[in-house]
Amino acid sequence: MAAVAVHQFAECITCHAWSPDQSMVAFCPNNSEVHIYKLFGEKWEKMHVLSKHDQIVCGIDWSLKSNKLVTVSHDRNSYVWSQEGTEWVPTLVILRLNRAALCVQWSPKENKFAVGSGAKSICICYYEQENNWWVSKLIRKKHESSVTNVAWHPDNILLATTSTDGKCRVFSTYIKGVDSKESESSSSDLKFGEQIAQLDLSVTWAFGVRWSPSGSILAYAGHNSMIHFIDDVKSNPSAQSIPLRDLPLRDLLFLSDRVVVGVGFDCNPMIFTADDTGLWSFTKFLDQRKAAPSSSRGSQLSEAFGKLYGTSKQVPSNDTVEPSKPRGGAHENCITCIVPLWKRGNTTLCRFSTSGLDGKVVIWELDIPK
């Protein structure tokens, strides 16, 4: 199915998040503010402007259970916002960063959140009741460059990161007094900051790391138009890499253990599926659009450029190399963010939203086979 709804909120959007009941959306219009809109009937109205940051807000996450917003910015600060009456009140977060904060995500139990930064470190933040602020424990000296994305494992302990050093890493974030030892996972026996795995599958910047709903599969994208799937990261990891002949991905989302949506510079969500043997492949672009017929002169030019740059038009027989597909449709510029939209009482994720540099928030719906 194509896009269910397309909303033009601004000229450019860096990130967005939805309220638990999906009646409100928060986004950054590529500046230091966070705008919150609410839907009245068929019309969106601006309700609040959160203006505590001094530089571009590059990360927003809205907790589903506690209804709290967390924001991070290039100004090296983070705030947790709570709605009190008709106002949003910020609570200070002690990050202790000397470079920009780049991404943020609440943990599944919402007792922690992780912040990736340009300081080659991760901040694991938790609330201190006696001081009424959020403090952080840092994982340092593990990354060689900026942390671009963070993703929590369903066990609330393991955290996966991607970085511009081209690597994907998995860490333990167990904090005594915050996390319970009663967890069924063996991850609670690991020390804070202990590195579980380091994946060197990408030779370029890495983005968009995500865990599958069961936590058994990890996926992330490389800036060289590659997507990587890793099974059994903790015990016996096995990887599959899919090269694409289209533009790179920026973010990923698991709809199920067998379906992944990738978004990025092609301005069009891409669907990846796994077969019964666990073999992943590109399936289709979600927003199909008729492509203009290519002329013979265009084909000759393409072949000429291929020869100039040392690439052959004859691609080896490989099911994981996919031909280019028509771009465009709902989005007109790079898609930078994808957010799940859970329906109350529904255990299967089939709706999600995307935002991009064209200032649009687009809602999609996809039928997922059970």
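An unreviewed UniProt entry annotates the chain as Actin-related protein 2/3 complex subunit of Rhynchospora pubera. For the record of the chain, the UniProt heading Subcellular location (unreviewed entry) holds the text "Cytoplasm, Cytoskeleton". Taken directly from UniProt, the Sequence similarities (unreviewed entry) text for the chain runs: "Belongs to the WD repeat ARPC1 family."

### What to know about the overall build of the chain
Counting its regular elements, the chain contains one helix and 28 strands. Across the 370 residues of the chain, 53% fall into the buried class. Considering only intrachain contacts with a sequence separation of at least 6, the fraction spanning at least 24 residues in the chain is 49%. For the chain, the accessible area works out to roughly 17500 Å², and carbon and sulfur atoms hold 48% of it.

### With respect to the nonpolar core
Membership of the largest hydrophobic core comes to 17 residues, with the highest contact counts inside it found for Phe 229, Leu 249, Phe 272 and Trp 280. Listed by contribution, the elements that provide at least two residues to this core are β19 (217-222), β20 (226-231), β22 (249-256), β24 (270-274) and β25 (280-285). Each residue touching Leu 249, except ones within four places of it in the same chain, is listed here: Phe 207, Ala 221, Ile 227, Leu 244, Gly 262, Val 263, Gly 264, Met 270 and Phe 272.

### Remarks on the sheet that holds strand β15 (residues 158-163)
The strand order across the open sheet built from four strands is β14-β15-β16-β17, with neighbouring strands paired in antiparallel fashion. The open sheet terminates on both sides in strands that have one partner only, identified here as β14 (147-152) and β17 (195-199). The sheet shows a mean angle of 20° between the axes of neighbouring strands, taken without regard to direction. When β14 meets β15, the two strands line up antiparallel, connected through five bridges. Bridging across to β15, Trp 152 finds its partner in Leu 159.

### Remarks on the pairing of strand β11 (residues 113-117)
Within β11, five of the five residues are buried, which leaves the element mostly enclosed by the surrounding structure. Burial along β11 is two-sided: the residues Phe 113, Val 115 and Ser 117 and Ala 114 and Gly 116 are all buried. Note: β11 against strand β12 (residues 122-128), four bridges, orientation antiparallel. Looking at β12, one finds that Gly 116 is bridged to Ile 122. Linkage of β11 to β12, two consecutive antiparallel strands, is achieved through a turn of four residues, within which Lys 120 is found at a positive phi near 60°.

### Thoughts on the environment of His 74
With respect to the helices and strands, the residue His 74 is situated in the loop between β7 (68-73) and β8 (78-84). On the accessibility criterion, His 74 (32% relative accessible area) is partly exposed. As for His 74 and Gly 118, which are separated by 44 residues in sequence, their C-alpha atoms are 9.0 Å apart. When residues no more than four places from it in sequence are discounted, the contact partners of His 74 are Gln 55, Ile 56, Cys 58, Ala 100, Ala 101 and Leu 102.

### Looking at the pairing of strand β27 (residues 351-356)
Taken across its six residues, β27 has six buried, putting it largely inside the fold. Both strand β26 (residues 335-341) and β27 contribute to a ladder of six bridges, which runs antiparallel. If you follow Ile 335 over to β27, its bridge partner there is Gly 356.

### Digging into the sheet that holds β22
In spatial order, the strands read β22-β23-β24-β25; together these four strands make up an open sheet with antiparallel pairing. Each end of this open sheet is capped by a strand with a single partner; those strands are β22 and β25. The mean angle between the axes of side-by-side strands here comes to 25°, regardless of whether they run parallel or antiparallel. Pairing of β22 with strand β23 (residues 259-264), which is carried by six bridges, proceeds in the antiparallel orientation. Following the sheet pairing, Leu 249 is matched in β23 by Gly 264.

### Section: the pattern of salt bridges
With the rule as written, the count across this model stands at six salt bridges. The residue Asp 179 makes a salt bridge to Lys 112 at a minimum N-O spacing of 3.0 Å. Here Lys 112 lies in the loop between β10 (101-106) and β11 and Asp 179 lies in the loop between β16 (168-172) and β17, a separation of 67 residues in the sequence. The pair formed by Asp 179 and Lys 112 is uniform in burial state, with each residue classed as buried. The partner of Glu 332 in a salt bridge is Lys 360, with the nearest N and O atoms 3.2 Å apart.

### Observations regarding the UniProt feature "repeat: WD" (unreviewed entry) in the chain
In the numbering adopted here, UniProt assigns the feature "repeat: WD" (unreviewed entry) to residues 50-82 and 140-172. For the annotated span residues 140-172, helix accounts for 0% and strand for 52% of the residues, and the straight-line distance between the end C-alpha atoms is 13 Å.

### Things to note about the side chain of Asn 149
As for its placement among the helices and strands, Asn 149 is situated in strand β14. Here Asn 149 falls in the buried class, since its relative accessible area comes to 16%. Among the polar contacts listed, one links the side chain of Asn 149 to the backbone nitrogen of Gly 208, at a separation of 2.9 Å. Setting aside residues up to four positions removed in sequence, Asn 149 forms contacts with Cys 103, Ala 160, Thr 161, Thr 162, Phe 207, Gly 208, Val 209, Arg 250 and Asp 251.

### Description of the environment of Ile 271
One can find Ile 271 in strand β24. Separated by 18 residues in sequence, Ile 271 and Leu 253 have C-alpha atoms that sit 9.9 Å apart. Beyond its immediate chain neighbours, meaning those up to four positions away, Ile 271 contacts Val 259, Val 260, Val 261, Ser 281, Phe 282, Thr 283, Lys 284, Leu 286 and Leu 366.

Reading the values: rules and limits
- Residues numbered from 1 in each chain as written.
- Predicted model: local features only at pLDDT ≥ 70, side-chain atom pairs only at ≥ 80, totals over all residues.
- Heavy atoms only, no water.
- UniProt positions renumbered as here; feature names shortened; annotations may be inferred.
- Helix = DSSP H or I, 4+ residues; strand = E, 2+ residues; numbered from the N terminus.
- Buried < 20%, exposed > 50% of the residue type's maximum accessible area, 1.4 Å probe, protein only.
- Contact = heavy atoms within 4.5 Å.
- Areas by Shrake-Rupley, 256 points an atom, 1.4 Å probe, with all protein chains shown as cover.
- Core = buried A, V, L, I, M, F, W, Y, C linked by side-chain atoms within 4.5 Å.
- Pairing = 2+ DSSP bridges.
- Axes fitted to C-alpha atoms, helices over the stretch in contact; angles between N-to-C directions.
- Salt bridge = Lys/Arg side-chain N within 4 Å of Asp/Glu carboxyl O.
- Polar contact = N/O pair within 3.5 Å; in protein donor to acceptor, adjacent residues only side chain to side chain.

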